[in-house]
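Residues per chain, in single letters:
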Amino acid sequence: MGIATREVYDEMLDRAKANKFAYPAINVTSSQTLTAALRGFAEAESDGIIQISVGGAEYASGSTIKDRVAGSLGLAAYAREVAKNYPVTIALHTDHCAKQNIDSWIRPIMELSAKEVAAGREPFFQSHMWDGSAVPLAENLEIAKELLALSQKSNTILEIEIGVVGGEEDGVVGEINEKLYTTAEDGLKTVEALGLGENGRYLTALTFGNVHGVYKPGHVKLRPELLGEIQAEVGAKVGKESPFDLVMHGGSGSSAEEIATAVRNGVIKMNVDTDTQYAFTRPVVDHMFRNYDGVLKVDQEVGNKKMYDPRSWGKLAEAGMAARVVEAAERLGSAGKRMK
């Protein structure tokens, strides 16, 4: 199946909204984590979204190079080739682009994609996120309008964030306070600025107490029912039922009940990063501890090449992360629903 076209991506999102399920959006930083995500989607029989943050893109270009555009395009090219061998459909997405990174990251990629589209080819990514959570709402929406127009030219979908997500994501820090909850007024201003699809399709991350990372129980108060309230209030004023295609950020560590409530209220994409990072790393730690004298040349011995060969522990890391992707797909209801 491989990487979705824009038309197929639209169909994926429409199916999710109509049938009340959501796609896991898995952050990757390397060819190996990307392969793990593909494997997880295939094992879950779920289509899905693979996404790259600015930090992940820089890392993928080479930790001493840090070329965010090259890293993004490199992983997209790798995904396009490798995904052909997996029986699922995948959309590629750039995640959390803050204001200071627009001109050095997603704008160049979108402009390059626009040239590809003009030449009759597919864009490099199917969607891009503008993270305006650190700027006032008026400025956030003004920038979103500009990027939505560029998104139209590049035949991509724009994701926006209305509200603030707590914690830290690629240098953008949100305090954990009342600002973590988007209001219906914010939602109405979004529709007034961007329309209801006639100016280009966009996904909306309305915040309901979301926090990046994982925190101990009780530290974060999620209110997923708020999403339904905003959908209803804004929908009544604009004459459209459930007007927003919603995204859930800070999904790692959320309870099954919180996720289910968010999906019932229109979430069709949920970001998963922290949990999959741990799932990738944990089996490697286990391997190193169990095979200490094999992975290290201690006491003048030579070690065991089979134990320190990166493929030996890399396979374990891939399997661990893939299993967590399967879990995410099951929780979100996308498991077993791949497009035929």
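This is a predicted model, so every value here is computed, not measured.

## A word on the pairing of strand S4 (residues 89-97)
Then comes step 1: Counting buried positions along S4 gives nine out of nine residues, so the element sits mostly inside the fold.
Then comes step 2: Two strands pair when backbone bridges link them, and strand S1 (residues 2-3) and S4 are joined in this way by two bridges, in the parallel orientation. Looking at the pairing, Ile-3 lines up with Ile-90 of S4.
Then comes step 3: Judged from the six bridges that link them, strand S3 (residues 48-53) and S4 form a sheet pairing that is parallel. In the strand pairing of S4, Ile-49 is matched with Ala-91.

## Here we look at the confidence of the model for the chain
Detailed reading of predicted coordinates is not advised where the pLDDT is low.
Then comes step 1: On average, residues of the chain carry a pLDDT of 93, and 92% of them reach 70 or more.
Then comes step 2: Counting contacts from residues 172-177, a segment whose pLDDT is below 50, to residues more than four positions away or on other chains yields 15 contacts.

## Description of the packing of aromatic side chains
The description of two aromatic rings rests on the distance between their centres and on the angle between their planes.
Then comes step 1: Counted by the stated rule, this structure contains one aromatic pair.
Then comes step 2: Residue placement shows Arg-223 over the ring face of Tyr-181; its charged tip is 5.4 Å from the ring centre.

## Regarding the environment of Gly-209
Then comes step 1: One can find Gly-209 in the loop between strand S9 (202-206) and helix H8 (225-238).
Then comes step 2: Remark: the alpha-carbon pair of Gly-209 and Tyr-181, spanning 28 residues in sequence, is separated by 5.6 Å.

## Quick look at the side chain of Arg-68
Then comes step 1: Structurally, Arg-68 can be placed in helix H4 (residues 68-82).
Then comes step 2: A distance of 2.5 Å separates a polar atom in the side chain of Arg-68 from a polar atom in the side chain of Glu-58.
Then comes step 3: In this structure, Arg-68 is in contact with Val-54, Ala-57, Glu-58, Asn-101, Ser-104 and Trp-105, ignoring residues within four places of it in sequence.

## A closer look at the environment of Arg-324
Then comes step 1: Take Arg-324: it is sitting in helix H13 (residues 310-332).
Then comes step 2: Considering only alpha carbons, one finds Arg-324 and Val-267, 57 residues apart in sequence, at a separation of 20 Å.
Then comes step 3: For Arg-324, the residues in contact, after removing those within four places along its chain, are Asp-275, Thr-276 and Ala-279.
Then comes step 4: Within polar-contact distance, the side chain of Arg-324 engages the side chain of Asp-275 at 2.7 Å.

What counts as what
In this convention, every chain numbers its residues from 1, walking through the sequence in written order. Selection of residues for local features in this predicted model requires a pLDDT of at least 70, selection of side-chain atom pairs for listing and counting requires 80 or more, and totals for whole chains, interfaces and linings are taken over all residues. In computing side-chain properties, one takes all heavy atoms of the structure into account and sets aside hydrogens as well as water. Whether a residue is buried, partly exposed or exposed follows from its accessible area with a 1.4 Å probe, protein chains only, as a fraction of its type maximum: under 20%, in between, or over 50%, in that order. Strands are runs of DSSP state E lasting at least two residues, helices are runs of H or I lasting at least four, and both sets are numbered from the N terminus onward. The pairing criterion is simple: DSSP has to find at least two bridges between the two strands. Scored from 0 to 100, pLDDT reflects the predictor's confidence in each residue. Residue contacts follow a heavy-atom distance rule, with two residues in contact if any of their heavy atoms lie within 4.5 Å. Side-chain rings of Phe, Tyr and Trp, where Trp is taken by its six-membered ring, are said to pair if the distance between their centres is within 6.5 Å; with planes under 30 degrees apart they count as stacked, over 60 as edge-to-face, and otherwise as tilted. Here, a charge over a ring is recorded when the distance from Lys NZ or Arg CZ to the ring centre is within 6 Å and its angle to the ring normal is within 35 degrees. In protein, a polar contact requires one atom able to donate a hydrogen and another able to accept it; more generally it is a pair of N or O atoms within 3.5 Å, and residues adjacent in sequence count only if both atoms are side-chain atoms.

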